[in-house]
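Breakdown of the fold
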Amino acid sequence: MAPTDTHPADAHHSRVTLRVNGSDHVLDVDHRVTLLDALRERLDLTGSKKGCDHGQCGACTVLVDGRRANGCLLLAVAQDGAEITTVEGLVHDDGSLHPLQEAFLEHDAFQCGYCTPGQLCSALGVLREAAAGHPSHVTEPATAASSTGPVVLTAEEVRERLSGNLCRCGAYNGIVDAVADVCARPAPPNSATASAAPSAAPSPEVIV
């Protein structure tokens, strides 16, 4: 459907452009709609899961402008123009899995799989944060103060940085092993910390 000049009919809706996994989507949304509900109910991207709906379980974790965030705590209207990556956007253009997805399979890092999309997006955020040198609560103060390079992701670092993502099946050991595995792999272009967005932006899809 082509964009139109029609504006929302009332003061409780706004037209926003959500750039999700490299594609622009123009939506008229109620100001109370969360990003999670917009992704699931308006864009049919159901990978991000609704767990607690209170920002406590991490099942809805997505990346917003490269940083991980709980989709259930963000209003869709406030994400106008933001670059959003969901678990659906981790697969490469040729259909191959992201290294993190491969590692989760190899290390049995899930059981029921409900929390896995949030775990994957959060883990990708962790890799980017560590590569940028961002310390965590367990990073040694002296190391955090003096280091200008990446933070080494020990098992303790991974557990701390992923502590906001709960797994009721208890697959934590596999999750830590999977992230550690990806950290130990060579980093070719478009690997663990690369964006999954396609090179060319398609035409916006207007969803009223």
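What comes next concerns the included structure. In this text, all values refer to a predicted model and were calculated from it rather than measured experimentally.

**A few points about the overall build of the protein chain**
Within the protein chain one finds six helices and six strands. The secondary structure elements of the protein chain, listed N-terminal to C-terminal, are β-β-α-β-β-β-α-α-α-α-α-β. Taking the contacts inside the protein chain whose residues are at least 6 apart along the sequence as the reference set, 59% of them involve residues at least 24 apart. Looking at the protein chain as shown, the accessible area adds up to about 10700 Å², and 53% of this sits on carbon and sulfur atoms.

**Some remarks on the pattern of salt bridges**
According to the stated counting rule, one finds 12 salt bridges in the structure shown. When the shortest N-O distance is used, the salt bridge between Arg-32 and Asp-30 registers 2.7 Å. One salt bridge in this structure joins Asp-181 and Arg-185, with 3.3 Å as the shortest N-O distance. Among the charged side chains, a network of salt bridges with common partners joins Arg-68, Glu-129, Glu-157 and Arg-161.

**Points about the packing of helix α3 (residues 116-131) against helix α6 (residues 172-184)**
Contact geometry for α3 and α6: axes closest at 11 Å, N-to-C directions at 40 degrees. Classed by the angle they form, the pair α3 and α6 counts as oblique. When the axes of α3 and α6 are compared, the crossing they make is right-handed. The residues of α6 that touch α3, namely those facing Gln-119, Ala-123 and Leu-127, are Ile-175, Val-179, Val-182 and Cys-183. Among the residues making up the contact of α3 with α6, the classes are represented as six nonpolar, one polar and no charged.

**What about the packing of helix α2 (residues 99-106) against α3?**
Axis separation between α2 and α3 bottoms out at 10 Å; the angle between their running directions is 125 degrees. Considered as vectors, α2 and α3 are oriented oblique to each other. When you trace α2 past α3, the crossing you get is right-handed. Packed against α2, whose contacting residues are Leu-100, Gln-101 and Phe-104, the element α3 presents Thr-116, Gln-119, Leu-120, Ala-123, Leu-124 and Leu-127 at the interface. The class makeup of the residues in the contact of α2 with α3 is six nonpolar, three polar and no charged.

**Things to note about unusual backbone geometry**
Here Asn-21, not a glycine, exhibits a phi torsion of approximately 50 degrees, which is positive. With respect to the secondary-structure elements, Asn-21 resides in the loop between β1 (13-20) and β2 (23-30). Not every positive phi belongs to a glycine, and Asp-53 is a case in point at roughly 65 degrees. Here Asp-53 is to be found in the loop between α1 (35-42) and β3 (61-64).

**Some details on α6**
Taking 1.5 Å of rise per residue, 13 residues should cover 18 Å, and α6 covers 18 Å from first to last C-alpha, within 8% of that figure. Those residues of α6 lying buried are Gly-174, Ile-175, Val-176, Ala-178, Val-179, Asp-181 and Val-182. Contact partners of the buried residues in α6: α2, α3 and α5 (155-161).

**A word on the pairing of β1**
Relative to β2, β1 runs antiparallel, the two being bridged by eight bridges. Across the sheet, residue Val-20 finds its bridge partner in β2, namely Ser-23. In this structure, β1 lies alongside strand β5 (residues 83-85), joined through two bridges in parallel fashion. In the sheet register, Val-20 faces β5, and the bridge partner there is Ile-84.

**A closer look at the state of the cysteines**
Summed over all chains, the structure comprises zero disulfides. In this structure Cys-167 is a free cysteine whose sulfur lies 4.0 Å from that of Cys-115, the closest cysteine sulfur available. Cys-167 gets classed as buried once you look at its relative accessible area, which sits at 6%.

Cut-off values and rules
Residue numbering note: each chain is counted from 1, following its sequence as written. Per-residue local features of the predicted model are confined to residues with pLDDT of at least 70, and side-chain atom pairs are confined, for both listing and counting, to 80 or more; whole-chain, interface and lining totals are unaffected and use all residues. To get the side-chain values, take all heavy atoms of the structure and skip hydrogens and water. Secondary structure is summarised from DSSP: a helix means a run of H or I of at least four residues, a strand means a run of E of at least two, and numbering begins at the N terminus for each. In what follows, residue pairs with any heavy atoms lying within 4.5 Å of each other are defined as contacts. Here the accessible surface of atoms and residues is derived via Shrake-Rupley with a 1.4 Å probe, and residues count as covered only by protein chains that are part of the display. In the sections that follow, a salt bridge refers to a side-chain nitrogen of Lys or Arg positioned within 4 Å of a carboxyl oxygen of Asp or Glu. Between N-to-C directions, angles cover 0 to 180 degrees, with each direction set by a line fitted to C-alpha atoms, over the stretch in contact for helices. Orientation labels follow simple angle bins: below 35 degrees gives roughly parallel, above 145 gives roughly antiparallel, 65 to 115 gives roughly perpendicular, and whatever is left gives oblique. What makes a crossing left-handed is the near helix being turned counterclockwise from the far one by less than a right angle; a clockwise turn instead makes it right-handed. Under this grouping Gly is polar, as are all residues other than the nonpolar Ala, Val, Leu, Ile, Met, Phe, Trp, Tyr, Cys and Pro and the charged Asp, Glu, Lys and Arg. To estimate the expected span of a helix, count its residues, drop one, and scale the result by 1.5 Å. A 1.4 Å probe rolled over the protein chains alone gives each residue an accessible area, and that area as a share of the maximum for its type sets the label: buried under 20%, exposed over 50%, partly exposed in between. Strand pairing requires that DSSP identify at least two bridges connecting the strands. A pair of sulfur atoms, both from cysteines and within 2.5 Å, is called a disulfide here.

These figures capture arrangement, not role.
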